[in-house]
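Residues per chain are reported as follows:
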Amino acid sequence: MSIWWSLHLRRDAASVPLARRLLLGTMETAGVDPDICFDLSVALSEACANAVEHGGDTGHGDDSRGAYRVTAYLDGEKCRIEVTDSGPGFPAVQASPAVPEAPRRPTPVAAVPYDAENGRGLSLIEELADHVTIGNKPGRGGAVVSFDKILKWQKDAPLMAV
């Protein structure tokens, strides 16, 4: 069974719990294990909060600068979530001359103290998900944070993948 949805949300703090509740409701209804539901909902909340806080005006004059998009896919044994915004994106990182073929990441996730009030979102997403991709949208700008996690199902889950 495959389930997917996509939301176009205003860059407003009230949009974060809306996205979180929709994801939780979808996963709980499908019968996903509660611990997996919790991990993914926290990761989604962090990604949305980053889009709300940092996904600001690009100066391109388009109508989407005050919005961001959340797309979630529950497909088989995996859930993939993508959050995109229309802000300035992540700062570019130069390739290392010593290892030019090494993967380049737009911004390193720096170690942040566990009790810090800000700056832990990307680190939390990396801890909670199985695979994380952080980058910039090609073309007109904006950030893309996508992550996935292998699903575990409750016994006798109604929509469990087979």
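Shown above is the structure to which this text applies.
A brief look at the structure comes next. Quick caveat, the model's predicted, so the values are computed rather than measured.

Observations concerning the nonpolar core
So, step 1. In terms of nonpolar packing, the biggest core is built from 39 residues, with Leu 40, Leu 44, Tyr 68, Ile 81, Val 83 and Phe 147 touching the most fellow members.
So, step 2. Mapped onto this core, the elements with two or more residues apiece are strand S1 (2-10), helix H1 (15-30), helix H2 (34-54), strand S2 (67-75), strand S3 (78-85), helix H3 (121-128) and strand S5 (143-150).
So, step 3. In terms of residues, this core owes the most to one element, H2, which gives ten residues.
So, step 4. Ignoring any residue separated from it by four or fewer positions in sequence, one finds Ile 81 in contact with Leu 23, Leu 40, Leu 44, Thr 71, Ala 72, Val 145, Ser 146 and Phe 147.

Observations concerning the sheet that holds S1
So, step 1. Read from one edge to the other, the open sheet built from five strands follows the order S1-S2-S3-S5-S4, with strand pairing classed as antiparallel. Every interior strand has two partners, whereas the edge strands, S1 and strand S4 (131-136), have only one. Neighbour to neighbour, the strand axes of the sheet diverge by 10 degrees on average, direction disregarded.
So, step 2. In this structure, S3 lies alongside S5, joined through seven bridges in antiparallel fashion. Bridge pairing in S5 links Thr 84 to Val 144.
So, step 3. Across the sheet, H1 is in contact with S1, S2 and S3; its angle to S1 comes to roughly 170 degrees.
So, step 4. On the sheet, H2 packs against S2, S3 and S5 and is oriented at approximately 180 degrees with respect to S5.

Examining the packing of H1 against H2
So, step 1. At a closest axis distance of 9 Å, the pairing of H1 and H2 adopts a crossing angle of 155 degrees. One way to sum up the angle between H1 and H2 is to call them roughly antiparallel. Handedness of the crossing formed by H1 with H2: right-handed. Across the interface between the two elements, Ser 15, Val 16, Ala 19, Arg 20, Leu 23, Leu 24, Met 27 and Glu 28 of H1 pack against Cys 37, Phe 38, Leu 40, Ser 41, Val 42, Leu 44, Ser 45, Cys 48, Ala 49 and Val 52 of H2.
So, step 2. A breakdown of the residues in the contact of H1 with H2 according to their chemical character gives 13 nonpolar, three polar and two charged.

Some words on the environment of Thr 71
So, step 1. Structurally, the position occupied by Thr 71 is in strand S2.
So, step 2. Of the residues examined, Thr 71 reaches a relative accessible area of 8% and is grouped as buried.
So, step 3. Distance from Thr 71 to Ser 6, taken between C-alpha atoms, is 4.1 Å for residues 65 residues apart in sequence.
So, step 4. Look past the residues within four positions of Thr 71 in its chain and what remains in contact with it is Trp 4, Trp 5, Ser 6, Arg 80, Ile 81 and Glu 82.
So, step 5. Within the local environment of Thr 71, its side chain forms a polar contact with the side chain of Ser 6, the two groups lying 3.0 Å apart.

Focus: the packing of H2 against H3
So, step 1. Here H2 crosses H3 at 155 degrees, and the two axes come no closer than 9 Å. As the angle between them shows, H2 and H3 are arranged roughly antiparallel. Between H2 and H3 the crossing geometry is left-handed. Across the interface between the two elements, Asp 39, Val 42, Ala 43, Glu 46, Ala 47 and Asn 50 from H2 touch Gly 121, Leu 122, Leu 124, Ile 125 and Leu 128 from H3.
So, step 2. Broken down by class, the residue content of the contact of H2 with H3 amounts to seven nonpolar, two polar and two charged.

Rules used in this analysis
- Residues numbered from 1 in each chain as written.
- Predicted model: local features only at pLDDT ≥ 70, side-chain atom pairs only at ≥ 80, totals over all residues.
- Heavy atoms only, no water.
- Core = buried A, V, L, I, M, F, W, Y, C linked by side-chain atoms within 4.5 Å.
- Buried < 20%, exposed > 50% of the residue type's maximum accessible area, 1.4 Å probe, protein only.
- Helix = DSSP H or I, 4+ residues; strand = E, 2+ residues; numbered from the N terminus.
- Contact = heavy atoms within 4.5 Å.
- Pairing = 2+ DSSP bridges.
- Axes fitted to C-alpha atoms, helices over the stretch in contact; angles between N-to-C directions.
- Parallel < 35°, antiparallel > 145°, perpendicular 65-115°, else oblique.
- Left-handed = near helix turned anticlockwise from the far one by under 90°.
- Nonpolar A, V, L, I, M, F, W, Y, C, P; charged D, E, K, R; others polar.
- Polar contact = N/O pair within 3.5 Å; in protein donor to acceptor, adjacent residues only side chain to side chain.

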